[in-house]
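# Observations on the model geometry
Take a look at the letters that make up each chain.
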Amino acid sequence: MKTMTCRQLGGACSKEFHAQTFQKIAELSREHGMEMYKAGDEAHLKAMEEMSELMKHPEKMKEWMDLKKKEFDEIQDD
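Here's a quick rundown of the structure. (Residues numbered from 1 in each chain as written. Predicted model: local features only at pLDDT ≥ 70, side-chain atom pairs only at ≥ 80, totals over all residues. Heavy atoms only, no water.)

All right, on to the pairing of strand β2 (residues 16-19) then. Going residue by residue along β2, you find F17 and A19 tucked away on one face and E16 and H18 left uncovered on the opposite face. With four bridges joining them, strand β1 (residues 2-5) and β2 adopt antiparallel strand pairing. By the bridge assignment, M4 is partnered in β2 with F17. (Buried < 20%, exposed > 50% of the residue type's maximum accessible area, 1.4 Å probe, protein only. Helix = DSSP H or I, 4+ residues; strand = E, 2+ residues; numbered from the N terminus. Pairing = 2+ DSSP bridges.)

This is the structure:
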């Protein structure tokens, strides 16, 4: 099991996500993002806006995702 925070995954807080795979940790992060969106959390809304800009550039988004996956892979198991 590995741990990454919301902030490490492009979010705005220190909430921790725990998962065996990068795909699962990304899914947990997205779910948290949706909760924060529904709650109208300003810091998370700003982070989502920044991610939306990144998503407009597929090459940059792929680079970002590859970097985050590499970061996940390098984390020691809890």
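After presenting the structure, the write-up continues.
On inspection of all chains with the given rule, the structure shows one aromatic pair. Note that K2 overlies the ring of F72, its terminal NZ or CZ placed 5.0 Å from the centroid. (Phe/Tyr/Trp six-rings, centres within 6.5 Å; stacked < 30°, edge-to-face > 60°. Lys NZ or Arg CZ within 6 Å of the ring centre and 35° of its normal.)

Let's shift gears to the nonpolar core. Ranked by size, the top nonpolar core spans 10 residues in total: M4, C6, L9, C13, F17, A19, F22, I25, F72 and I75. Of all the secondary-structure elements, those providing two or more residues to this core are β2 and α1 (22-39). In this structure, C13 is in contact with T5, C6, R7, H32 and H44, ignoring residues within four places of it in sequence. (Core = buried A, V, L, I, M, F, W, Y, C linked by side-chain atoms within 4.5 Å. Contact = heavy atoms within 4.5 Å.)

This part covers the side chain of T5. Checked against the element boundaries, T5 lands in strand β1. Judged by relative accessible area, T5 falls into the buried class, the value being 18%. Non-local contacts of T5, meaning those with residues more than four positions away in its chain, are made with C13, S14, K15, E16 and F17.

Let us look at the layout of surface pockets. Of the volumes computed, that of the largest pocket is approximately 510 Å³. Around the largest pocket, the lining is made up of 22 residues, and of these L9, S29, R30, M48 and M51 lie nearest the centre. Breaking the lining of the largest pocket down by element, the ones donating at least two residues are α1, α2 (42-55) and α3 (58-74). Residues belonging to the lining of the largest pocket are distributed by class as follows: 13 nonpolar, seven polar and two charged. (1 Å grid on protein atoms, 1.4 Å probe; cavity = no way out; pocket = protein on both sides within 12 Å on 5 of 7 lines; lining within 4 Å. Points joined across faces, edges and corners; volume = space filled by probe spheres on them. Nonpolar A, V, L, I, M, F, W, Y, C, P; charged D, E, K, R; others polar.)

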